[in-house]
Each structure stands twice: as C-alpha cells, then as structure tokens.
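Each chain, letter by letter, is given below.
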Amino acid sequence: MKKVEEQGRITPYYIYDLSLLGHTLDKLKTASEPYGFKVHYALKANSNPEILRLISESGLGADCVSGNEVLRAIESGFPSDSIAFAGVGKSDAEITIGLQNDIFTFNVESTQEIRVIDDLAGKMGKTAGIALRINPNVNAKTHHYITTGLEENKFGINSWEFVEVLSLLQKSKNIELKGLHFHIGSQITELSVFKGLCLRVNEIQQFFIDHHIIPGHLNVGGGLGVEYEQPDIALIPDFKAFFKVFHEHLELQPQQQVHFELGRAIVAQSGSLVTKVLFVKKGINVNFAIVDAGMTELIRPALYQSFHKIEKIGSESEKGQTVYDVVGPICESSDCFAKRILLPELNRGDLLVIRTTGAYGEVMSSNYNLRTKALAYYTS
Ligand code: LLP
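Residues numbered from 1 in each chain as written. Predicted model: local features only at pLDDT ≥ 70, side-chain atom pairs only at ≥ 80, totals over all residues. Heavy atoms only, no water.

Let's talk about the packing of helix 6 (residues 162-171) against helix 7 (residues 191-210)
The contact between helix 6 and helix 7 brings their axes to 11 Å, and the two run at 45°. Here helix 7 runs oblique to helix 6, going by the angle between their axes. For the element pair helix 6 and helix 7, the recorded crossing hand is right-handed. Contacts between helix 6 and helix 7 involve Phe162, Val163 and Leu166 from the former and Ile204, Phe207 and Phe208 from the latter. Across the contact of helix 6 with helix 7, the residue classes break down as six nonpolar, no polar and no charged. (Axes fitted to C-alpha atoms, helices over the stretch in contact; angles between N-to-C directions. Helix = DSSP H or I, 4+ residues; strand = E, 2+ residues; numbered from the N terminus. Parallel < 35°, antiparallel > 145°, perpendicular 65-115°, else oblique. Left-handed = near helix turned anticlockwise from the far one by under 90°. Contact = heavy atoms within 4.5 Å. Nonpolar A, V, L, I, M, F, W, Y, C, P; charged D, E, K, R; others polar.)

In structure tokens:
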C-alpha cells in the first residue's frame, strides 16, 4: 500500500502525487510524439489549479466543456489556440468567451449550434474555427451513463445530417471547418473498441473527401480507461498500445493531424481520497465502517456503482481481516463506497485511502448537506 501520511491534515482530503503525474505526462509524451499526435487534456477530469499547472507546463492542449473551463485553462497557462471547446449545450455567453479568446475549435454538435456560432462570430468580426462532432454509432462497451457515441445518445451530428451540414457550412461565412471530432465514451478498457472507432472514422471521413473536403485534423476524443481494481499494477496506462491502435488503423490524408482529448488516463491514479473512520457498527451479516467522506466528496460509486480500491493506512498485514461495508455519513443508502470488502480490523480514528480518485473525484464533489469542501494536498 502506498504510504500517505496524515500530518495533522483535516479529513476527508484529496492527496495528489505530483511525481506520479509528472511520470505519467512523460510517458504520454514519449508515446504520442513519434506519431506527431497532439493531446488535449480534458479539464473536466480534474481542474485543480496545481494539477493544471503541471499539465499545461508539459505542453498539452486543453479540452474544455464550459466557458469557465476555457477561462481556467487560459489562466493555467494553456495557449488559447490549443483549446478545443466541446459540449452539446454551449450558451451564447460561453460561445462568446471562446470567440473573444480565439480558441482553436468549437467542437459543434448540431446544425443549430453552427448557425448560432456563425451569427455571434459575424457580430464580433471573427472567424470561428470548428470541428464537427460526429456521432459514429460505435459502442464503447462501458457504463451506459458514460457511453456517448451511439445514435441513441444526445451527442454529436448523425450521419443522416451530413448533407444538410455541408450546405450550411457553405453559407456560413464566419466559420472555418478545421476538423472532425469523435468521442465515444469513457473508461474504455478494450483497445479493440478504439480500432472499431478508427474504422468508422475512415468511413465517415470518406464521405467528406467525396465532397471535396479534407479535414485538417481528426480529433478522436478521449476515453482510455484505467485500472481501478489493482491500481498498483498499472499506475501509468499503456499509452504506447493505445496510440499504436490509431497509428495502425486510421487512414490519414497528407498533412492531416490527429488530436486526442484524454482526461482520466492522465490524472486518475495520481489522486487518492483519505478519510477517517468515525464509527464501526455491527450489522446482521456485515460490519459498517462509517467514514467521514461521502458521496459529496466522491460520487462515482453512488452514481456508476464504480469500484475504488480501499486500503487502511499503516497496515500491510492481510491477517485478521474482517468484512466491511464502507459507507459515508450522507442520509442516502447510495452513499456507500464499497460493499462486503475485506479490511484489517477497523477502529474509530483509523484512516482509509480510497484509490484512483484523481479523475472525476474532486471535480464532481458537492456541498450537499452543507458539507465543507474537502481540501487538496500534494506530494512530490
Ligand atoms: N472528450 C469529450 C468530448 C468528453 O465528453 C470526455 C469525457 C472526454 C473527452 C474525456 O474522457 P476521458 O479521457 O476522461 O475518459 N464522470 C464520469 C466520466 C464522464 C466522462 C465525460 N466525458 C466518471 O466518473 O466516470
């Protein structure tokens, strides 16, 4: 178990291993650079300023899904012209932020959105770079809440709208089509899914080529999954294998660039949530370890029934293990981090670490029940 010292910190708290994040960024670079692939970091996974600083320093672009994320990315040192702004429902105010800052692309998801961006850009005397977010109808084989690339999902432009989009683009004087964008889902662990995406991208891009449009770049989104069950066996995802799939299966046009929008794979393993056992309560078949973190600090188990490894700090021994449900203090039965797991005997005051919470942990926290926001600390 990774050693995380308490050092008088108030629980619950997030702790980020900046040295692991640095190594992850190095590996990402060495895996993507040989192919000339450009990676945008998806801020939605973790927008903690310290994390963003390190990531922007490593030279990645940014993938944002709100006006505030665009502003945060710029404040954190990401160049404006490296920002892709995605999202199925951008408000006029958010589009204006993107235009004011001359971002790289709006990844547009509907014909109506193209019209609105064209109109707003015209009023500001600007040309908006866009990428068409296309719904490729590819099954990501992940949790249905984080599947985005099926026709039944709200995301992207469907193939039956392409002809309309092309004629609209010809009329839109303040829009420059820069690329095609795809994102089929998150926590994808089967690389064959990405191969399937590549084959679909090739087919879709052919439609545009047949209509004399060669997209400057293909943005194939994010989605690379991480190891939640046994984090220590894969602290850094296999970026080499991931990028190789795209290198082997995407049919690129001359000068065409490939962009990615990775979030989870970059930050998930660098974060842990530390929580204190408040009470241990004996149930009929199981003991409840009631801890001071809840779904307010980490909602993933309640929302997606996701698994996060939990360890007792300061105990290496497998002996004397007992079955526990680890639950939070919130008045909802879904406020449960793990059911029927084996842990060394727990007592009031013991500290637990909930692993692999660097992505979609702190960012999804809330102050439901008027809870105080957990602090974040860093190790390097
Ligand atoms: N690009 C777009 C357009 C996205 O919607 C997402 C994530 C990403 C990139 C980054 O995907 P990643 O590389 O992190 O898989 N809250 C959920 C995950 C939601 C993902 C939403 N979109 C969770 O906790 O599992």
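Additional details are given in the paragraphs that follow.
Notes on the side chain of serine 82
Tracing the backbone through its elements, the reader meets serine 82 in the loop between helix 3 (67-75) and strand 4 (83-85). Aside from chain neighbours lying at most four places away, what touches serine 82 is Lys38, His40, Gly61, Ala62 and Phe104.

Notes on the sheet that holds strand 2 (residues 38-42)
Read around the closed barrel, the eight strands follow the order 2-3-4-5-6-7-8-9; overall the barrel is parallel. The sheet shows a mean angle of 30° between the axes of neighbouring strands, direction not considered. Bridging between strand 2 and strand 3 (residues 61-64) involves three bridges; their strand directions are parallel. Its bridge partner being in strand 3, histidine 40 is matched across the sheet by glycine 61. (Pairing = 2+ DSSP bridges.)

Section: the confidence of the model for the protein
Summarising the model, the protein shows a mean pLDDT of 94, and 95% of its residues fall at 70 or more. Between residues 1-5, whose pLDDT stays under 50, and residues either more than four places distant or in other chains, the model counts 17 contacts. (pLDDT = per-residue confidence, 0-100.)

Observations concerning the site of the ligand
In the neighbourhood of the ligand, 17 residues make up the surrounding shell, with Ser186, Glu261, Arg300, Tyr304 and Tyr360 lying closest. Between the ligand and glycine 263, the relevant distance is 2.9 Å, taken from an oxygen atom to a main-chain nitrogen or oxygen of the residue. Here an oxygen atom of the ligand sits 2.6 Å away from a polar atom, N or O, in the side chain of tyrosine 360. Protein burial of the ligand: of its 580 Å² of free accessible surface, 92% is covered by the chains. When residues of the shell around the ligand are traced back to their parent elements, those giving at least two are strand 9 (257-262) and helix 10 (300-304). (Near = heavy atom within 4 Å. Polar contact = N/O pair within 3.5 Å; in protein donor to acceptor, adjacent residues only side chain to side chain. Areas by Shrake-Rupley, 256 points an atom, 1.4 Å probe, with all protein chains shown as cover.)

With respect to the environment of glutamate 332
Locating glutamate 332 in the fold gives a position in the loop between strand 13 (321-327) and strand 14 (336-344). For glutamate 332, a relative accessible area of 32% translates into the label partly exposed. C-alpha of glutamate 332 to C-alpha of alanine 302: the two residues are 30 residues apart in sequence and 9.5 Å apart in space. Ignoring anything within four residues of it in the chain, the contact list for glutamate 332 reads Met295 and Tyr368. A distance of 2.7 Å separates a polar atom in the side chain of glutamate 332 from a polar atom in the side chain of tyrosine 368. (Buried < 20%, exposed > 50% of the residue type's maximum accessible area, 1.4 Å probe, protein only.)

A closer look at the packing of helix 1 (residues 18-32) against helix 2 (residues 49-57)
Look at helix 1 against helix 2: their axes get within 10 Å of each other, and the N-to-C directions meet at 30°. It follows that helix 1 is roughly parallel to helix 2 by the angle criterion. Pair helix 1 / helix 2 crosses with right-handed handedness. Contacts between helix 1 and helix 2 involve Leu18, Leu21 and Leu25 from the first element and Glu50, Ile51, Leu54 and Ile55 from the second. A per-class count over the contact of helix 1 with helix 2 returns six nonpolar, no polar and one charged.

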